[in-house]
Every structure is written in C-alpha cells, then in structure tokens.
Amino acid sequence: MGDYKFAKEKLAEVLSSLKDYKVFAPVAVGDVFRFLQVDDPAKVTLEFANSNVPPKELMFPETETLFKYRLGQTDIEPEVPDAGDKRLVFGIRPCDALAYTIVDNLYNWDFPDPYYQNRRENTTLVGFACADPCSNCFCPSLGGGPASEKGLDAIMFDMGDTMYVKTLTDKGEAFAKAAGLESAGDAEKKAAEKQAEEALGKIGRSIDTKGIPEHLPSLYDHPFWEQFSDRCLSCGICTFLCPTCHCFDIQDEAEGFDARRARMWDTCMFSEYTLHTSGHNPRPTRKERTRNRISHKYSYFPEKFDVIACVGCGRCINYCPVNIDILDILEKSKQAEAKEAKTA
Amino acid sequence: MVDTKRLQEKAKEVLIRDDVRRLIGWKRGTYGFEAAPTVITDASQVDQLIFDATCVQNPASFISLEEKKPVPRGAEPDTRKIAVMVKGCDSRAIVQQLVEKAYGRDDVIVLGIPCRGVIDRRKAMKMFGDVTPGNVSLNGDKVAVEVGGEKKEVERGELLMDKCMRCRYPNPLVSDDLLGEEVEKWADDEFADVDEFEKMVPEEKWKYWEEQFSKCIRCYSCRNVCPMCYCVECVVTKMKPQWTRRSTDISENTAYHIQRAWHLAGRCIECNECQRVCPVDIPIMTLNRKLTRDVKDMFEYEPGVDAEAEPLLACYNPQDPEEYIM
Amino acid sequence: MSEEFEPNIVAFLCNWCSYAGADLAGTSRMHYLPNVKIIRVMCSGRVNPLFLLNALQQGADGVLISGCHPGDCHYLEGNYYARRRFMLMHKLLEHVGVDPGRVNMSWVSASEGAKFADVVKETVEKAKAAGPMDQFRRRQLNW
C-alpha cells in the first residue's frame with residue numbers, strides 16, 4: 001500500500017476534511033481520554049497513552065437498542081438499523097484494533113451479530129503506533145506489538161512534527177485520499193521502522209503463553225487462585241475496561257406503551273451474572289469468578305477460537321483497585337503447575 | 001513512623017493464635033505508587049506485609065466481602081476472628097460497621113496504624129510519569145520518593161491525596177494494638193469545597209453534574225470498593241422490582257449516583273476510595289461530602305467515630321430541623 | 001390558545017392524617033388543584049426517599065410527602081424518621097441541581113382539609129416556577 005505524511009499542527013484540518021466519515025478520535029475528558037465522535041476537530045489530541053474506556057464501545061456500545069415495539073404488539077419484526085454513514089476511528093492503538101479481530105470470532109460464531117457486523121464493516125481503523133509503551137503493556141506476548149498492523153486499515157507514527165501514515169488496506173487508501181495526505185519518502189518510512197523497533201525494546205513486561213491454555217483447566221481446584229480472589233472486590237472494572245471482554249445482558253424497558261429491547265455490557269465478576277432464577281448460583285464466591293475470568297480468556301476462548309482473548313493492553317492491571325495483576329496470576333499459575341507436576 | 005519489622009512480628013503473633021482465621025494487610029504492589037491488599041492465613045507469609053505511604057486501599061472493606069459459604073452437614077461454622085490492619089480513615093469503617101452490627105467487636109482484631117498520609121496515584125503519575133518508585137517516606141511536611149535511583153522531595157499537598165490534607169482522624173479510632181506512635185491531626189476540615197460548590201445556582205450545578213454523570217459507565221467500582229456498601233443484594237442490581245435500569249443514559253446514571261449517595265447519608269466515612277477507583281474521574285466525594293457536612297450541621301452526627309452510637313437514620317430527635325416543611 | 005404548563009405532582013400521603021385531610025377537603029367541596037396524583041401509604045415513615053427520585057425519573061415535575069404532625073404520628077415515631085430522611089434527600093437533590101421547589105414535605109392532620117388545599121396550591125406553584133422536569137427524566141434517551 002502507500003506511505004503518506006501530514007504535519008501534526010494540521011491535525012484539525014486533516015480531520016475536518018474527512019467529510020464523508022463519522023470520525024471518532026481521542027478527546028480529553030478532564031484528565032482522562034476517551035474515543036468520542038468528533039464535533040470540534042481542535043479538541044482531538046494525539047498526546048495520550050491510551051483511553052481508559054477502550055474503543056470497543058464504538059463497535060459494541062455500552063447500551064444498544066436491539067429493537068423497539070409497542071406493548072400489546074404481537075407481530076414484532078426486529079429491524080437491524082442501517083449501518084449509516086461510513087465511520088472512521090482515528091488514533092486507535094494497535095492493541096485495541098487487535099482486540100476487534102479477537103472479538104470478531106465471537107460475534108460471528110453461532111449467530112452472526114448484525115449490529116456488530118454492520119459497524120465493523122462500515123468502519124475504517126486508522127491506528128496510532130506507540131512510541132512510548134506504558135509500563136504495564138505486554139502486547140508482544142500476545143501476538144501484538146507497539147506497531148502491530150493486525151486489524152488496522154492504516155497506521156500512523158508520531159515522528160515529532162510530522163505524522164507518518166502507512167496504509168495497509170483499500171479502506172486505508174480511501175482514508176488517505178479523503179484526507180488529502182501528501183506522499184512520504186523513504187526517510188520517514190525508515191524513521192518509523194526505527195521507532196517501532198525501539199518501542200518494542202521499551203516493553204517491560206511479558207509472559208510466555210505457551211502451555212497456559214492447556215494447563216489452566218488442570219488447576220481448577222488449586223488453592224493458588226485464592227491469593228487473588230481473596231482481595232478481589234468483584235467490582236468489574238477489569239471487564240469494563242478490557243477491549244476483549246464482550247459479555248452483555250439483554251433487558252426490556254418500557255415507557256408507557258413504547259418499549260425497547262436493549263443490550264448493555266455485563267460482567268462475569270458480578271455475582272448476579274450467574275444467578276439462576278431458582279436462586280442457585282454456580283459461581284457464588286469471588287474465587288469461582290476470578291478463576292473463571294482468567295480461564296475464559298486464557299483457556300476456554302483459545303480452545304474454541306485458537307486465540308487468547310487478551311491483547312496485553314494493561315488496562316486491567318492499571319485500574320484494578322486492589323492490584324490484581326494478570327501477569328502475576330499467570331506466573332503463579334505456572335509455578336502452581338510446576339509444583340503439581342513435581343508431586344505427581 | 002511504622003517499623004516494618006514490628007508490624008510483621010505483631011502480625012505473626014496474631015496469626016499463630018488458635019482463634020484467628022486470617023489477617024488482612026498490605027503488601028508491595030506489582031507496579032506504581034500503590035500497594036496491594038493481601039489476605040494471609042499463615043504466619044509464614046508475614047514477610048510480605050508492609051506499611052508506607054503507598055498503602056492507599058481500605059482493608060476494612062474486605063471483612064464483609066468474605067462470602068459466608070454454606071456449612072456442610074455435621075460441621076461447625078468457622079467462627080474464628082479476622083485480624084485487620086487499618087489506618088485512621090479505615091478504622092472509621094470498622095467503627096461504622098460495628099455501629100450497624102455488621103459483625104461483633106469480638107469478631108475482629110484491629111491492628112491500628114497511625115497514618116500521616118497516602119500518595120495520590122494520579123498526582124504521582126503527573127509528577128513522575130509512569131514509573132515504579134523505590135522507597136517512599138513521609139518526613140514532616142514533605143514526601144521523599146526514590147525515582148530512577150534519585151531521591152526527590154515534594155510538598156505533602158502536591159503528592160498526597162486531598163483527603164489526607166484535611167484528615168481529622170489520622171489515628172485509628174478502634175484498635176486492639178497500635179503499631180506505631182500516634183500522630184498529630186494535620187488540619188481541621190472546614191468543608192470549604194462544599195461551600196464553594198454551593199455558591200452555584202441550580203442550573204450551573206445541574207450542568208456540572210450532567211457532564212460528570214454522562215461519563216459514567218456504571219462499572220459499579222465505586223460501590224464495590226466502598227466499605228459501607230456491603231449489602232448482599234444491592235438496590236441497583238435488584239430486578240424484582242427494578243429501581244434503576246442498566247442502560248447508561250443520563251437518567252439512570254444520575255439515579256444511580258443519587259441512590260448511592262443517599263444510602264451513604266450518615267454512613268460515609270470519607271475514605272475517598274470511590275473517587276480513587278473511578279475510571280472516568282467522576283468527583284463522587286463532592287456528593288458524599290455535602291451530606292457529610294449537612295449531617296454534621298443538622299444532626300450533630302459523625303459516622304464512624306463512636307461505636308456505641310446509633311445509626312443516623314435509625315434514631316431521631318423531636319427537635320430535628322424542619323426547614324422547607326410546610 | 002396558549003397551553004400553560006401544568007405540572008405533574010406525585011403526593012405520598014399518610015393514611016391516618018394527610019390522606020384523611022385530603023379526603024376532608026374533598027367531602028367539604030374545597031377546591032384543590034387537580035395536578036396532584038395521590039398515593040396512599042400507611043405512614044410517612046414508609047416513604048423511601050428513593051420513591052421521590054423514581055417519581056422524578058418517571059416524569060413527575062414535583063413530589064410531596066405529607067404526614068401527621070410531629071408528635072401525633074399514628075405509629076408514634078414514623079414521621080420523625082420521615083423528617084430526617086426528607087431533610088437529607090432534599091439537600092442531596094438540591095446539590096445535584098434539582099430545583100428545591102420540586103421536593104416538598106408537609107404536616108397535614110386529618111382535620112386540616114383547608115391546609116391540604118393550600119399545601120397542594122403551594123406545591124403546584126413551586127413546580128410551575130421550576131418548569132417541566134427535564135433534567136434526568138426517562139424519555140427514551142438513546143433509543
């Protein structure tokens with residue numbers, strides 16, 4: 001594909017020229033960044049590490065109407081809303097784009113989810129490579145990287161005064177054309193490659209995932225889970241901020257005679273998640289739920305889809321109020337397994 | 001100053017007792033400016049225990065978090081005690097939980113630690129970046145932080161949590177053992193921030209809160225980290241009847257925050273954990289502190305101070321104030 | 001023809017005093033404004049302040065809790081608890097930016113039919129001054 005560039009100070013102009021797209025980009029909301037629809041391009045910033053709430057909310061929003069109906073109506077034909085305008089996510093980090101490719105597996109599995117699909121097909125992803133990965137990032141361990149191109153239509157590199165843009169797909173090319181980007185030369189390309197290499201070297205944490213999907217189920221009854229679940233608050237922040245967590249609850253809401261069926265994010269960390277109508281709860285304590293979450297991401301999901309449901313973005317580590325560190329859990333699981341193997 | 005060795009010795013003493021099931025304290029975090037709470041059951045694990053300005057979490061939240069599993073037939077329930085290490089603000093949670101009879105005084109062993117302040121992670125990251133510090137210590141009105149091999153000293157107010165700058169109870173209000181020397185109260189709390197907020201007219205206030213509540217993703221971390229939110233079934237997740245829908249629009253988000261602030265009226269002990277954990281930086285304490293101040297002014301009541309007191313809304317005074325009542 | 005805004009008021013009246021007072025207003029043919037929708041509860045102490053919040057969410061422009069005078073509660077103490085709760089809820093809602101005129105409480109005894117009519121008039125006036133409740137009303141947002 002092609003190599004392009006634009007001056008960083010022209011960012012607002014570039015975004016304004018994307019008239020055919022609905023553009024989502026990182027905007028500062030107080031001290032925190034979030035991917036929001038851009039109304040004022042001047043508010044978009046590229047000086048950010050990553051958003052707290054992952055851009056998964058752009059593909060599967062926190063609350064989404066599935067269909068509307070009137071109470072008493074007996075012939076409900078749910079209409080999936082049109083995809084609408086073309087969308088563009090500007091500045092998404094490689095880990096979050098990789099997360100979309102992982103979640104695609106699920107939303108295309110036994111039932112192709114039209115709501116998700118429409119958005120996914122309709123969206124161009126313009127990524128933003130990380131020059132300075134955060135201390136808790138470990139994306140290379142999971143097949144990603146600070147400059148990983150997986151799942152992206154184009155990737156940008158911050159070269160100081162200019163942004164170097166490498167297009168990867170036709171959609172990316174269409175974006176470059178629409179934004180009127182000028183061509184970049186070999187110098188920028190080489191500099192970007194160098195930055196990518198240096199960024200990879202800056203990643204401080206890692207985990208060797210070989211064998212983890214296979215050995216986690218064998219540790220089902222192992223007490224090592226308790227050292228983490230004992231301090232888990234079941235708050236759900238890890239799931240809400242995780243770009244690959246995708247569970248949702250479906251509820252009906254009525255206002256007078258108008259009603260809708262909506263889905264909203266749910267979390268396996270709440271005890272109500274598995275509460276049966278009978279009152280029985282197969283995951284009654286935090287031990288079961290913590291064990292389930294890690295096992296789902298690192299064992300059950302890869303068993304079905306051949307990919308670990310984690311991208312190493314580090315948000316769960318950064319925002320867990322009680323410092324439950326997924327890398328710590330995985331390391332301890334390996335130690336537990338080694339001990340079991342010795343005594344076996 | 002807290003001597004780590006003494007802390008660990010005391011923990012060991014407590015853990016080898018027959019009548020103690022577990023001990024909750026803090027250990028070194030895996031990164032950054034915050035420690036990690038830890039639950040240990042064996043005296044051999046006491047080496048991990050620490051106490052310094054990174055010990056920001058409230059261990060009192062974990063006492064009620066422990067699930068009560070059904071007891072197998074023929075077996076006796078485990079009635080052993082839980083030992084908890086607490087700072088001044090955390091001890092208020094224990095006192096308030098005792099007031100509400102969440103458990104009995106004999107069910108816990110409180111190891112009190114007089115505290116001179118804890119670090120605000122957000123301030124620290126702005127100041128030092130995304131790093132993990134070495135040694136952290138409080139010296140008078142300065143905080144000394146070892147970063148990248150260098151020792152840096154900053155003013156208390158620039159690095160510690162705002163709550164510490166107005167801490168009225170640095171010494172634990174209930175304890176079986178004090179693991180350090182009592183410290184002087186730093187300042188009195190005049191609730192100046194609440195007064196400042198009240199100067200706004202209703203339209204401005206709503207504009208402010210509408211912006212804040214629109215950010216909310218209803219992760220309920222504020223509720224889960226709160227030591228006073230220990231209901232087995234919470235009103236916000238109740239389905240029959242459903243008070244608050246799960247959709248994240250301004251109506252439900254506002255209702256959720258008002259509900260939670262209301263349920264904390266006369267119970268919030270201002271540990272500020274809710275505000276610390278919020279991933280979208282909603283100023284939750286601005287709501288709670290308003291009620292804390294009004295409860296103090298109207299009913300002369302302060303939660304978490306006197307274990308013999310009655311809960312605020314379980315008692316009344318025939319001379320209670322009656323403004324706005326026709 | 002101009003449509004003046006008519007607020008929707010939800011009133012929680014205690015069975016023994018306020019509801020009886022409202023009944024007296026009715027039987028004595030005293031006019032009181034039709035904006036008020038009455039929910040009878042056994043005691044003002046039964047009113048959970050979250051009812052007020054829920055009412056505002058569902059479209060009420062104003063709410064009213066009315067009980068027996070302090071000292072005269074049929075259940076002896078219910079209205080004292082209600083008073084504490086109401087004071088705090090009022091302050092909290094005011095802090096969030098809800099017009100204080102929307103959230104009201106009164107003591108109306110069984111013989112005070114006229115007072116009930118006055119209380120309703122005052123509540124409706126305050127709600128009218130505050131305008132339609134649009135701040136956090138459920139109104140098919142994001143549907």
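Residues numbered from 1 in each chain as written. Chains lettered and ligands numbered in written order. Predicted model: local features only at pLDDT ≥ 70, side-chain atom pairs only at ≥ 80, totals over all residues.

Undergrad: Help me out: how do you make sense of helix 1 (residues 4–15) of chain B in this one?
TA: Helical geometry: 3.6 residues make up each α-helical turn, so side chains three or four residues apart lie on a common side. All names here are of chain B. Compared with an ideal rise of 1.5 Å per residue, which puts twelve residues at 16 Å, helix 1 spans 16 Å between its outermost C-alpha atoms and is within 8% of the ideal. Among all positions of helix 1, only L7, K10, A11 and V14 are buried. Buried residues of helix 1, viewed axially, fall in a sector of 100°; they line one side. The inward-facing, buried residues of helix 1 contact strand 1 (20–27), strand 3 (49–50), strand 4 (81–86), strand 5 (108–112) and strand 9 (177–178). (Helix = DSSP H or I, 4+ residues; strand = E, 2+ residues; numbered from the N terminus. Expected span 1.5 Å × (residues − 1). Buried ≥ 20, exposed ≤ 12 C-beta atoms within 10 Å, placed from the backbone. Arc of directions from axis to C-beta. Contact = placed C-beta atoms within 7 Å.)

Undergrad: Looking at this structure, how should I read the domain arrangement of chain A?
TA: As a measure of interface size, the accessible area lost when the parts come together is often cited. Residue and element names in this part refer to chain A. Considered domain by domain, chain A is made up of domain 1 (3–202) and domain 2 (212–343). A straight line from the C-alpha centre of domain 1 to that of domain 2 covers 26 Å. Contact residues are listed per partner, giving 32 residues for domain 1 and 28 residues for domain 2. Taken together, the residues that form the side of domain 1 that touches domain 2 break down as 18 nonpolar, eight polar and six charged. (Domains from an automatic or database assignment. Nonpolar A, V, L, I, M, F, W, Y, C, P; charged D, E, K, R; others polar.)

Undergrad: Sorry, what's going on with the sheet that holds strand 3 (residues 62–67) of chain C here?
TA: Pairing between the strands of a sheet comes from backbone hydrogen bonds, and it takes one of two forms, parallel or antiparallel. Residue and element names in this part refer to chain C. Taken in spatial order, the four strands line up as 2-1-3-4 in an open sheet, and their pairing is parallel. Every other strand in the sheet has two partners, leaving strand 2 (36–41) and strand 4 (103–107) as the edge strands with one partner each. Neighbour-to-neighbour, the strand axes of this sheet turn through a mean angle of 20°, independent of strand direction. On the sheet, helix 2 (residues 49–58) packs against strand 1 (9–14), strand 3 and strand 4 and is oriented at approximately 150° with respect to strand 3. Seen against the sheet, helix 4 (residues 113–130) touches strand 1, strand 2, strand 3 and strand 4 and runs at an angle of roughly 155° to strand 3. (Pairing = 2+ DSSP bridges. Axes fitted to C-alpha atoms, helices over the stretch in contact; angles between N-to-C directions.)

Undergrad: Explanation requested: the domain arrangement of chain B in the structure shown.
TA: All names here are of chain B. What the domain assignment reports for chain B is domain 1 (4–178) and domain 2 (192–314). Each of domain 1 and domain 2 has a C-alpha centre, and these two points are 24 Å apart. Contact with domain 1, which involves 19 residues of that partner, is made by 17 residues of domain 2. A total of eight residues in the side of domain 1 that touches domain 2 trace back to one element, the largest contributor, which is helix 2 (residues 88–99). Its residues assigned to classes, the side of domain 1 that touches domain 2 shows eleven nonpolar, four polar and four charged.

Undergrad: What should I look at first to understand the interface of chain B and chain A in this one?
TA: Taken together, the contact pairs 35 residues of chain B with 35 residues of chain A. If you list the elements that add at least two residues to the side of chain B that touches chain A, you get strand 2 (36–40) and helix 8 (221–225) of chain B. In terms of residue count, strand 2 of chain B provides more of the side of chain B that touches chain A than any other element does, four residues in total.

Undergrad: Looking at this structure, I do not really get the interface of chain B and chain C. What am I missing?
TA: Each side of the interface is counted separately: chain B has 30 residues, and chain C has 36 residues. Elements that contribute at least two residues to the side of chain B that touches chain C include exactly helix 7 (202–215), helix 9 (250–263) and helix 11 (284–299) of chain B. Counting residues per element, the side of chain B that touches chain C draws most heavily on helix 9 of chain B, at eight residues. The class makeup of the residues in the side of chain B that touches chain C is 20 nonpolar, three polar and seven charged.

Undergrad: It is not clear to me how unusual backbone geometry should be interpreted in this structure. Could you clarify?
TA: What you tend to see is this: most non-glycine residues have negative phi, and most peptide bonds are trans. Here the bond from K240(B) into P241(B) is cis, since omega is -5°, no more than 30 degrees from zero. The topology assignment puts P241(B) in the loop between helix 8 and helix 9. Even without a glycine there, the phi angle at Y220(B) is positive, about 65°. Considering the arrangement of structural elements, one finds Y220(B) in the loop between helix 7 and helix 8. Y220(B) sits in the buried class, given 25 other C-beta atoms within 10 Å. Positive phi values are uncommon outside glycine, yet R29(C) reaches one of about 60°. For R29(C), the location among the structural elements is in the loop between helix 1 (18–27) and strand 2.

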